[in-house]
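Given next are the chains, with one letter for each unit.
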Amino acid sequence: MANLTFGIIKPDAVRAGHTGSIIQRILDTGFKIRGLKLIHMTRQQGEGFYAVHRERPFFAGLVEFMSSGPCVVMALEKESAVKSWRDLMGATDPAKADEGTLRKEFGGSVGENAVHGSDSDENAAIEVSYFFSRLELV
Ligand code: UDP
Ligand code: MG
């Protein structure tokens, strides 16, 4: 599904009240929202989602953060969705993110950086199906 990607409005951004602003930016960029829900990930769900990073030094902190409060998971459709969403998010480290990106505007640190986005079409399909059933996608 080359036109679908997966995104998260992370707990820091939800806590800070940025959910509405971020969704507006997503719509303004031309994405169609195919799935959207507020969830509070368990530690176990966070570990499963970020399993590729389990050997990294930041893994425990990342799982702790991602399960620290509600987040918004989204299935987003647009041409070249993976790249388009990563372009809108900006670099992982908000300090290095370009002007006008979501991480520049809403991210606080390399760990608490407001949003997640898939890095490939293959991972987008895996990540969408990790959080959404077929019935939840319109
Ligand atoms: N992360 C972190 N410290 C680091 C690198 C990454 O806490 O040094 C966190 C951060 O929340 C990041 C996530 O781990 O968004 C996944 O890292 P990745 O390298 O995949 O960055 P992304 O794809 O989110 O830009
Ligand atoms: Mg990544």
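Above: the structure in question.
Computed from a predicted structure; not experimentally measured. (Residues numbered from 1 in each chain as written. Chains lettered and ligands numbered in written order. Predicted model: local features only at pLDDT ≥ 70, side-chain atom pairs only at ≥ 80, totals over all residues. Heavy atoms only, no water.)

(A) Representation of the side chain of Lys10 within the structure. By the secondary structure assignment, Lys10 is in the loop between strand 1 (4-9) and helix 1 (11-15). Of the side chains with opposite charge, Asp12 comes closest to the buried, unpaired Lys10, at an N-O distance of 6.8 Å. Polar contacts involving the side chain of Lys10 include one to the side chain of Asn113, which spans 2.7 Å. Lys10 has contacts with Tyr50, Phe65, Met66, Cys71, Arg103, Gly111, Asn113, Ala114, Val115 and His116, leaving out every residue within four places of it along the chain. (Helix = DSSP H or I, 4+ residues; strand = E, 2+ residues; numbered from the N terminus. Buried < 20%, exposed > 50% of the residue type's maximum accessible area, 1.4 Å probe, protein only. Lys, Arg positive; Asp, Glu negative; His and termini not counted. Salt bridge = Lys/Arg side-chain N within 4 Å of Asp/Glu carboxyl O. Polar contact = N/O pair within 3.5 Å; in protein donor to acceptor, adjacent residues only side chain to side chain. Contact = heavy atoms within 4.5 Å.)

(B) Up close: the site of ligand 1. Lining the immediate surroundings of ligand 1 are Lys10, His53, Phe58, Leu62, Arg86, Thr92, Arg103, Val110, Gly111 and Asn113. Taking Thr92, its side chain carries an N or O atom lying 2.5 Å from an oxygen atom of ligand 1. Here Asn113 contributes a side-chain N or O atom positioned 2.9 Å from an oxygen atom of ligand 1. In isolation ligand 1 exposes 500 Å². Once the protein is present, 78% of that is buried. Of the residues belonging to the shell around ligand 1, the class tally is 3 nonpolar, 4 polar and 3 charged. (Near = heavy atom within 4 Å. Areas by Shrake-Rupley, 256 points an atom, 1.4 Å probe, with all protein chains shown as cover. Nonpolar A, V, L, I, M, F, W, Y, C, P; charged D, E, K, R; others polar.)

(C) The packing of aromatic side chains, seen in detail. Inspection of the entire model under this criterion finds 7 aromatic pairs. For the ring pair Phe49 and Phe131, a centre distance of 5.4 Å and an interplane angle of 55 degrees mean the geometry is tilted. Remark: Phe131 occurs in helix 7 (residues 121-131) and Phe49 occurs in helix 3 (residues 43-49); sequence separation between them is 82 residues. By relative accessible area, Phe49 is classed as buried at 8%. Here Tyr130 and Phe131 contribute two aromatic rings whose centre-to-centre distance is 4.9 Å and whose plane-to-plane angle is 80 degrees, an arrangement assigned as edge-to-face. Judged by relative accessible area, which is 10%, Phe131 ranks as buried. (Phe/Tyr/Trp six-rings, centres within 6.5 Å; stacked < 30°, edge-to-face > 60°.)

(D) Representation of helix 7 within the structure. Restricting attention to buried positions, one finds in helix 7 the residues Ala124, Glu127, Val128 and Phe131. Viewed end-on, helix 7 has its buried residues packed into an arc of 100 degrees, placing them on one side of the element. Projecting away from the buried face of helix 7 at angles above 90 degrees are the exposed residues Glu122 and Ser129. Buried residues in helix 7 make contact with strand 1, strand 2 (32-39), helix 3, strand 3 (71-77), helix 5 (81-89) and strand 4 (115-117). (Arc of directions from axis to C-beta.)

Any link to function would need more than the numbers given here.
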